[in-house]
Amino acid sequence: MAKIKITQVKSTIKRPKDQKATIIALGLGKINRTVEIESNPAIAGMVRKVSHLVKVEEV
């Protein structure tokens, strides 16, 4: 599968607990933190759940 670069662009303040947990599980947690991970269906679902908080780029 392809690698993707995920950057958190919005805060998790006043967000539901499940969205906060998803951000932490992706390895994020602070604005402008970036992680590069292998894309798979589970990661795609997590990204879709918090798509309004992150920016995604293919590497």
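Quick caveat, the model's predicted, so the values are computed rather than measured.

*Asks:* Would you explain the sheet that holds strand 3 (residues 54-58) in this entry?
*Replies:* Pairing in this open sheet of three strands is antiparallel, and the strands run 2-1-3 from one edge to the other. Looking at the sheet topology across the chains shown, the edges are occupied by strand 2 (34-38) and strand 3. Along the sheet, successive strands turn relative to each other by an average axial angle of 25 degrees, direction set aside. Relative to strand 2, strand 1 (residues 3-8) runs antiparallel, the two being bridged by five bridges. In the strand pairing of strand 2, isoleucine 4 is matched with isoleucine 37. The strands touched by helix 2 (residues 41-49) within the sheet are strand 1, strand 2 and strand 3, with strand 1 carrying the most contacts at an inclination of about 25 degrees.

*Asks:* Is there a simple way to explain the side chain of threonine 12 in this structure?
*Replies:* Looking at where threonine 12 falls in the secondary structure, it is placed in the loop between strand 1 and helix 1 (17-25). For threonine 12, a relative accessible area of 18% corresponds to the buried category.

*Asks:* What am I meant to see in helix 1 here?
*Replies:* Since the α-helix advances by 3.6 residues per turn, residues separated by three or four positions end up pointing in the same direction. Regarding helix 1, the residues found buried are Gln19, Thr22 and Ile23. Summarising the axial view, the buried residues of helix 1 lie within an arc of 100 degrees, below the 170-degree limit, and thus occupy one face. Exposed and facing more than 90 degrees away from the buried side of helix 1 are Lys17, Ile24 and Ala25. Residues of helix 1 that are buried in the fold lie against strand 1, helix 2 and strand 3. Of the residues one or two after helix 1, glycine 27 is the one with positive phi, at around 90 degrees.

*Asks:* Whenever I open this one, the nonpolar core confuses me. Can you help?
*Replies:* Residues Ile4, Ile6, Ile23, Leu26, Leu28, Val35, Ile43, Val47, Val50, Leu53 and Val54 constitute the largest nonpolar core, which totals eleven residues. Elements with a contribution of two residues or more to this core: strand 1 and helix 2.

*Asks:* What should I look at first to understand unusual backbone geometry in this one?
*Replies:* For residues that are not glycine, phi is negative in most cases, and the peptide bond is trans in most cases. One non-glycine residue, lysine 14, lies in positive phi territory at about 60 degrees. Relative to the helices and strands, lysine 14 is located in the loop between strand 1 and helix 1. Judged by its relative accessible area of 79%, lysine 14 falls in the exposed class. Phi is positive for asparagine 32, which is not a glycine, with a value near 70 degrees. Summarising the element assignment, asparagine 32 is placed in the loop between helix 1 and strand 2. Residue class for asparagine 32 comes out exposed when judged on its relative accessible area of 61%.

Cut-offs used in this document
Residues numbered from 1 in each chain as written. Predicted model: local features only at pLDDT ≥ 70, side-chain atom pairs only at ≥ 80, totals over all residues. Heavy atoms only, no water. Pairing = 2+ DSSP bridges. Helix = DSSP H or I, 4+ residues; strand = E, 2+ residues; numbered from the N terminus. Axes fitted to C-alpha atoms, helices over the stretch in contact; angles between N-to-C directions. Contact = heavy atoms within 4.5 Å. Buried < 20%, exposed > 50% of the residue type's maximum accessible area, 1.4 Å probe, protein only. Arc of directions from axis to C-beta. Core = buried A, V, L, I, M, F, W, Y, C linked by side-chain atoms within 4.5 Å.

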